[in-house]
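Report on the structure
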Amino acid sequence: MTVCYGESAVLAEGLSDDANINYTWSPATKLQTNNTQSVTTKQLYSDSDFTLKVSNKENPNCYSEDKVKVTVLKKPEISFNQSKFTICEDGSVQIINTKADPSNESYDWVAITNGVSTYVGGSENLTLPSVTENTTIRLTSSLNELSTCTSSSNAEITVIKKPVADAGPDLQVCYGE
């Protein structure tokens, strides 16, 4: 069984209790409860082994044990080359995820402009060739091994509107005037 760093796990999920059986999970310190067939761990931050001991209520010396290992995966790390950009209207932006690990992670870049989200890329880095409005860029990185193990981070793009140059209408003058 595999979970993401800081998550809990359900052990023996979907199995129901038998009234004639005593259930004891250990280590109890890592469990929310330890005396039912199916239990939930507390938040896990490292790989952990759990043991289930089942015994007959009429004869506690008649028992068996089974073990389950829960592997804890580290969440993807995200670190941008910079998290705030100020550009001229129609300027380009390149956002580099300096902690990217494309062999183990997948990426989803979303641009959020005026409350509207638009998918803009799926690689570890992002280049936007022309940005015209203030935009929040959100990167969500997922582990390939466990797609629910994700991290997200935002970069902010502030767009400075280009001033309008107006030199007035063309003039015609006589030579020497």
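Preceding this paragraph is the structure being described.
The model shown is predicted, which means the values in this text are computed figures rather than measured ones.

What counts, and where the lines are drawn
- Numbers given for residues are sequential positions, taken from 1 along each chain in its written order.
- With the structure being a predicted model, the display of local features is reserved for residues of pLDDT at least 70 and the display and counting of side-chain atom pairs for 80 or more, all residues being used for whole-chain, interface and lining totals.
- For the side-chain quantities, the full set of heavy atoms in the structure was used; hydrogens and water were omitted.
- Secondary structure follows DSSP: runs of H or I at least 4 residues long count as helices, runs of E at least 2 residues long count as strands, and numbering of each begins at the N terminus.
- Exposed residues in this analysis have more than 50% of their type's maximum accessible area, buried residues have under 20%, and partly exposed residues fall in between, with area computed by a 1.4 Å probe over protein chains only.
- Working definition: a ring pair exists when centres of Phe, Tyr or Trp rings (six-membered ring for Trp) sit within 6.5 Å. Plane angles under 30 degrees give stacked, over 60 give edge-to-face, the rest tilted.
- Lysine NZ or arginine CZ positioned within 6 Å of the ring centre and within 35 degrees of the ring normal marks a charge as sitting over the ring.
- Buried residues of nine kinds, namely Ala, Val, Leu, Ile, Met, Phe, Trp, Tyr and Cys, make up a nonpolar core once their side-chain atoms join them within 4.5 Å.
- In this analysis, two residues are considered to be in contact whenever any of their non-hydrogen atoms come within 4.5 Å of each other.
- Salt-bridge detection follows one rule: a side-chain nitrogen of Lys or Arg within 4 Å of a carboxyl oxygen of Asp or Glu.
- Strands pair, by our definition, only if DSSP identifies at least two bridges between them.
- Axis lines are fitted to C-alpha atoms, over the contacting stretch for helices. Their N-to-C directions set the angle, which ranges from 0 to 180 degrees.

Now for the overall build of the protein. Helices and strands together make up the secondary structure of the protein, namely zero helices and 13 strands. The secondary structure elements of the protein, listed N-terminal to C-terminal, are β-β-β-β-β-β-β-β-β-β-β-β-β. Projecting the C-alpha coordinates of the protein onto the three principal axes gives extents of approximately 120 × 30 × 20 Å. Each of the 177 residues in the protein was classed as buried or not, and the buried ones make up 29%.

Right, let's talk about the packing of aromatic side chains for a bit. One pass over the full model with this rule turns up two aromatic pairs. Taken together, a centroid distance of 5.0 Å and an interplanar angle of 70° make the contact between Tyr-5 and Tyr-45 edge-to-face. Linking Tyr-5 in the loop between β1 (2-4) and β2 (10-11) with Tyr-45 in the loop between β4 (39-40) and β5 (48-56), this pair joins segments that are 40 residues apart in sequence. Accessibility expressed as a relative area gives 42% for Tyr-5, which makes it partly exposed. Using a relative accessible area of 45% as the deciding quantity, one classes Tyr-45 as partly exposed. Residue placement shows Lys-53 over the ring face of Tyr-63; its charged tip is 4.3 Å from the ring centre.

Grouped together as the largest cluster of nonpolar side chains are 17 residues, with contacts concentrated most on Phe-80, Val-93, Ile-95, Trp-109, Val-131, Ile-137 and Ile-157. Looking at this core, the elements with two or more residues in it are β7 (84-88), β8 (91-96), β9 (105-113), β11 (125-131), β12 (135-143) and β13 (150-160). Those residues in contact with Val-93 that sit more than four places away from it in its chain are Phe-85, Ile-87, Leu-126, Thr-127, Leu-128, Val-131 and Ile-157. Val-3, Leu-44, Leu-52 and Val-72 belong to the second largest nonpolar core, which has 12 residues in total.

Turning our eyes to something else, we now look at the environment of Asp-108. With respect to the secondary-structure elements, Asp-108 resides in strand β9. Among the residues examined, Asp-108 registers a relative accessible area of 38% and is labelled partly exposed. Taking the C-alpha atoms as reference, Asp-108 lies 6.6 Å from Ser-141; in sequence the two are 33 residues apart. In this view, Asp-108 contacts Tyr-119, Gly-121, Arg-138, Leu-139 and Thr-140; residues no more than four positions away in its chain are not counted.

This part covers the pattern of salt bridges. In the structure shown here, the tally under the stated rule is two salt bridges. Among the ionic pairs, Lys-74 bridges to Glu-77, the shortest N-O distance being 2.9 Å. We classify Glu-77 as partly exposed; its relative accessible area is 36%. The residue Glu-89 makes a salt bridge to Lys-161 at a minimum N-O spacing of 3.8 Å. Here Glu-89 is found in the loop between β7 and β8, whereas its partner Lys-161 is found in the segment after β13, with 72 residues between them in sequence.

For the rest of this paragraph, the subject is the sheet that holds strand β6 (residues 63-73). Reading across the sheet, the four strands line up as β1-β6-β5-β3 and stay open at both edges, with mixed pairing between neighbours. Of all strands in the sheet, those with a lone pairing partner are β1 and β3 (21-26), marking the two edges. If you compare each strand with its neighbour and ignore which way they point, the axes differ by 25° on average. When β3 meets β5, the two strands line up antiparallel, connected through six bridges. Bridge assignment links Asn-22 to a residue of β5, and that residue is Ser-55.

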